[in-house]
Amino acid sequence: MTSVSLKVNGKSVTREVEGRTLLVQLLRDHLGLTGTHVGCDTSQCGACVVHVDGESIKSCTMLAVQANGLEVTTIEGLAAADGTLHPMQAAFREHHGLQCGYCTPGMVMSAVDLAKSHEHLDEKTVREGLEGNICRCTGYHNIVKAVLAGAEAMRSQPAQAAAE
Amino acid sequence: MYAFEYHRPTSLSEVTGLVSGKEDAKIIAGGQTLIPTLKQRLAQPSDVIDLGAVAELHGIREEGGGLVIGATTKHAEVAGSDIVRRLIPELAELANGIGDAQVRNRGTLGGSICNNDPSADYPAALVGLNATVHTNKRTIPAEEFFTGMFETALELDEIVTAVAFPKPGRVGYAKFPNPASRYATVGVLVAEVDGAVRVAVTGAGPVVFRWPEAEQALSSNFSAAALNGLTVDADGLNADIHASAEYRANLVAVMAKRAVVRAAG
Ligand SMILES: Cc1cc2nc3c(=O)[nH]c(=O)nc-3n(C[C@H](O)[C@H](O)[C@H](O)COP(=O)(O)OP(=O)(O)OC[C@H]3O[C@@H](n4cnc5c(N)ncnc54)[C@H](O)[C@@H]3O)c2cc1C
Ligand code: FES
Ligand code: FES
């Protein structure tokens, strides 16, 4: 067992894990943060996307020990303390960017990273930027609309977007 | 995944000590290939050695007019680097076309070339741009580094430290991506290096290869039209559920033309 200390959604945590424990297992099984989903477990679907030091990564394809000393943000860490949704979450609700919701946590986390790393988003950039996220329900159309609207809202409500 | 012991050394000498000292040690860089392999129990290392904290293996710099990229430099870093964009912009584009954003945020240049997947993008860049692979023991010309399907010239305890690219003339890369993974069903890189034209093909065969007939044709006339009528023999090319050998042979010619158009544009 190895000790791993990291910040998850702003809180410092330390846990004993095995070398082979995945970051997603640490989040879901050790910390009870089950908002992060496992769809494929083969690095393809993006349901497990979280931010590590602000960058989106697939938490099923990173060891928990590799996150030692780093900051992790999961879908649970996006909304404000009073429960106000992050602009990207609000946009997914507003634009019907989900059906069953299985892919949604990963979609939202990828979308927030995408919005932050591009000054201007258009439909093509969004579709390419979500290449690592698979949705079996929506046909992507409303997801793309939601991401464009969410990115726009993040620009006009910077204070709240920064809470992430 | 079988259990293993995890190590996170901070210097190259510590890494080499661990690799030769442990019974069956395996290097982890971005883990985008190794972790899926471990999950499938296709490997059972006693120890896993993380290169992530070894500063000397990381980063991008200009050297002697060319480009040197450290082994643990991530695809997203190559794609976003001002130095790469200035010296070999098409290499940044190639890196930006690997997998998806999340894979590019973890996967590394060293991990990609050491894995030497027959459909990986970087092998075409290294061979096409006449790059040199630096290891903890020696330097290896790219063409001698990639020896076979998932095989390289690396010895068991040898570690890639960096890749050096000379500054090329015109460069173009075109790939026909697998629609699911974005790996190259076929990818072709065309480049002018030291006054000669090089054409490197990935995805089509068991390992990256050069296409001499195309190089000859482009040397006298650097245009897509110069490739008209040139064909690649389908014998020995890869065939799988994604594409037959004949289809891949056709794609080589089509991607080569697109690469020339990109290079000339
Ligand atoms: C969904 C998905 C899509 C992908 N799409 C593409 C694509 O379109 N094109 C493409 O080219 N690739 C693609 N990849 C592969 C990706 O580029 C990986 O990053 C790459 O193959 C491995 O790099 P890594 O840093 O993750 O290496 P790891 O998985 O950490 O290691 C891979 C192998 O290399 C060895 N190794 C790593 N670094 C060194 C070193 N410095 N010296 C010696 N040995 C070393 C390891 O021991 C291991 O055997 C994709 C991967 C995924 C999961
Ligand atoms: S569960 Fe991680 S990519 Fe599908
Ligand atoms: S909403 Fe069901 S998988 Fe995307």
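- In the nomenclature of an unreviewed UniProt entry, chain B is known as Carbon monoxide dehydrogenase of Skermanella aerolata.

- Chain A is annotated in an unreviewed UniProt entry as Carbon-monoxide dehydrogenase small subunit of Skermanella aerolata.

### Digging into the packing of aromatic side chains
All names here are of chain B.
- What the rule picks out here adds up to two aromatic pairs over all chains.
- Look at Phe-145 and Phe-146: their rings are 5.1 Å apart centre to centre, the planes differ by 90°, and that puts the pair in the edge-to-face class.
- When the centroid spacing of 6.2 Å and the interplanar angle of 85° are considered together, the rings of Phe-176 and Tyr-247 count as edge-to-face. Of this pair, Phe-176 sits in strand 11 (residues 171–177) while Tyr-247 sits in helix 11 (residues 245–264), placing them 71 residues apart in sequence.

### Focus: the interface of chain A and chain B
- Contacts between chain A and chain B engage 23 residues on the former and 22 residues on the latter.
- Summing both sides of the interface, chain A and chain B together bury roughly 1,900 Å²; the carbon and sulfur share of this comes to 53%.
- At the boundary of chain A with chain B, the tally comes to three salt bridges.
- The salt bridge involving Asp-41 of chain A is made with Lys-39 of chain B; its shortest N-O contact spans 2.7 Å.
- At the junction of chain A with chain B, the criterion picks out nine residue pairs in polar contact (both at pLDDT 80 or more).
- Where the side of chain A that touches chain B is concerned, the elements lending two or more residues are strand 4 (55–58) and helix 3 (104–117) of chain A.
- The element that contributes the greatest number of residues to the side of chain A that touches chain B is strand 4 of chain A, accounting for four residues.
- Residue composition of the side of chain A that touches chain B, by class: seven nonpolar, nine polar and seven charged.

### Here we look at the sheet that holds strand 7 (residues 139–141) of chain B
Residues and elements named next belong to chain B.
- The five strands are arranged 4-5-10-6-7 in an open sheet whose pairing can be described as antiparallel. Looking at which strands have only one partner, the edges of the open sheet turn out to be strand 4 (60–63) and strand 7. When strand polarity is set aside, the average angle formed by the axes of neighbouring strands in this sheet is 25°.
- Both strand 5 (residues 66–70) and strand 10 (residues 160–165) contribute to a ladder of four bridges, which runs antiparallel. Paired with Ile-69 across the two strands is Val-163, which belongs to strand 10.

### With respect to the sheet that holds strand 3 (residues 47–50) of chain B
Residue and element names in this part refer to chain B.
- One open sheet accounts for three strands, arranged 1-3-2; its pairing is parallel. The open sheet is flanked by strand 1 (5–7) and strand 2 (25–28), the only strands paired with a single partner. Across the sheet, the mean angle from the axis of one strand to that of its neighbour is 25°, orientation sign disregarded.
- Across three bridges, strand 1 lies against strand 3 in parallel orientation. Opposite Glu-5, over in strand 3, you have Asp-47 as the bridge partner.
- Along the sheet, helix 1 (residues 12–21) makes contact with strand 1, strand 2 and strand 3, crossing strand 2 at roughly 145°.

### Focus on the site of ligand 1
- Neighbouring ligand 1 are 31 residues; Ile-27, Gly-31, Leu-34, Thr-108 and Asp-121 of chain B lie closest to it.
- Nearby residues place ligand 1 at the junction of chains A and B.
- Residue Val-160 of chain B places a main-chain N or O atom 3.0 Å away from a nitrogen atom belonging to ligand 1.
- Ser-181 of chain B is positioned with one of its backbone polar atoms (N or O) 3.1 Å from a nitrogen atom of ligand 1.
- Across the complex, the protein chains shield 94% of the 980 Å² of accessible surface that ligand 1 would expose by itself.
- Of all the elements in the fold, those that place two or more residues in the shell around ligand 1 are strand 2 and helix 7 (109–115) of chain B.
- Looking at the shell around ligand 1, the element that brings in the most residues is helix 7 of chain B, giving four residues.
- Residues of the shell around ligand 1, tallied by class, amount to 13 nonpolar, 13 polar and five charged.

### Quick notes on the nonpolar core
- Membership of the largest hydrophobic core comes to 40 residues, with the highest contact counts inside it found for Leu-91, Ile-113, Tyr-122, Leu-126 and Phe-165 of chain B.
- Two domains each provide a minimum of three residues to this core, namely domain 2 (58–165) and domain 3 (171–264) of chain B.
- Look past the residues within four positions of Phe-165 of chain B in its chain and what remains in contact with it is Gly-66, Leu-67, Ile-69, Ile-88, Leu-91, Ala-125, Leu-126, Leu-129 and Ala-131 of chain B.
- Core analysis: the second largest hydrophobic core is formed by 32 residues, Leu-23, Val-24, Cys-48 and Val-52 of chain A among them.

### Here we look at the UniProt feature "domain: FAD-binding PCMH-type" (unreviewed entry) in chain B
- According to UniProt, the "domain: FAD-binding PCMH-type" (unreviewed entry) feature falls on residues 1–170 of chain B.
- This span, residues 1–170 of chain B, is 34% helix and 22% strand, and a straight line between its end C-alpha atoms measures 45 Å.

### Observations concerning the domain arrangement of chain A
All names here are of chain A.
- The domains assigned to chain A are domain 1 (2–77) and domain 2 (87–163).
- Centre-to-centre separation of domain 1 and domain 2, based on C-alpha positions: 21 Å.
- In this assembly, 19 residues from domain 1 lie in contact with 15 residues from domain 2.
- Ranking the residues of domain 1 by area buried against domain 2 places His-37, His-51 and Ile-75 at the top, with a combined share of 39%.
- At the surface where domain 1 touches domain 2, the tally comes to zero salt bridges.
- At the boundary of domain 1 with domain 2, the tally comes to seven residue pairs in polar contact (both at pLDDT 80 or more).
- Among the secondary structure elements, those contributing two or more residues to the side of domain 1 that touches domain 2 are strand 3 (49–52) and strand 4.

Here is what the cut-offs are and how they apply
- Residues numbered from 1 in each chain as written.
- Chains lettered and ligands numbered in written order.
- Predicted model: local features only at pLDDT ≥ 70, side-chain atom pairs only at ≥ 80, totals over all residues.
- Heavy atoms only, no water.
- Phe/Tyr/Trp six-rings, centres within 6.5 Å; stacked < 30°, edge-to-face > 60°.
- Helix = DSSP H or I, 4+ residues; strand = E, 2+ residues; numbered from the N terminus.
- Contact = heavy atoms within 4.5 Å.
- Buried area = accessible area lost by both parts, 1.4 Å probe.
- Salt bridge = Lys/Arg side-chain N within 4 Å of Asp/Glu carboxyl O.
- Polar contact = N/O pair within 3.5 Å; in protein donor to acceptor, adjacent residues only side chain to side chain.
- Nonpolar A, V, L, I, M, F, W, Y, C, P; charged D, E, K, R; others polar.
- Pairing = 2+ DSSP bridges.
- Axes fitted to C-alpha atoms, helices over the stretch in contact; angles between N-to-C directions.
- Near = heavy atom within 4 Å.
- Areas by Shrake-Rupley, 256 points an atom, 1.4 Å probe, with all protein chains shown as cover.
- Core = buried A, V, L, I, M, F, W, Y, C linked by side-chain atoms within 4.5 Å.
- Buried < 20%, exposed > 50% of the residue type's maximum accessible area, 1.4 Å probe, protein only.
- Domains from an automatic or database assignment.
- UniProt positions renumbered as here; feature names shortened; annotations may be inferred.

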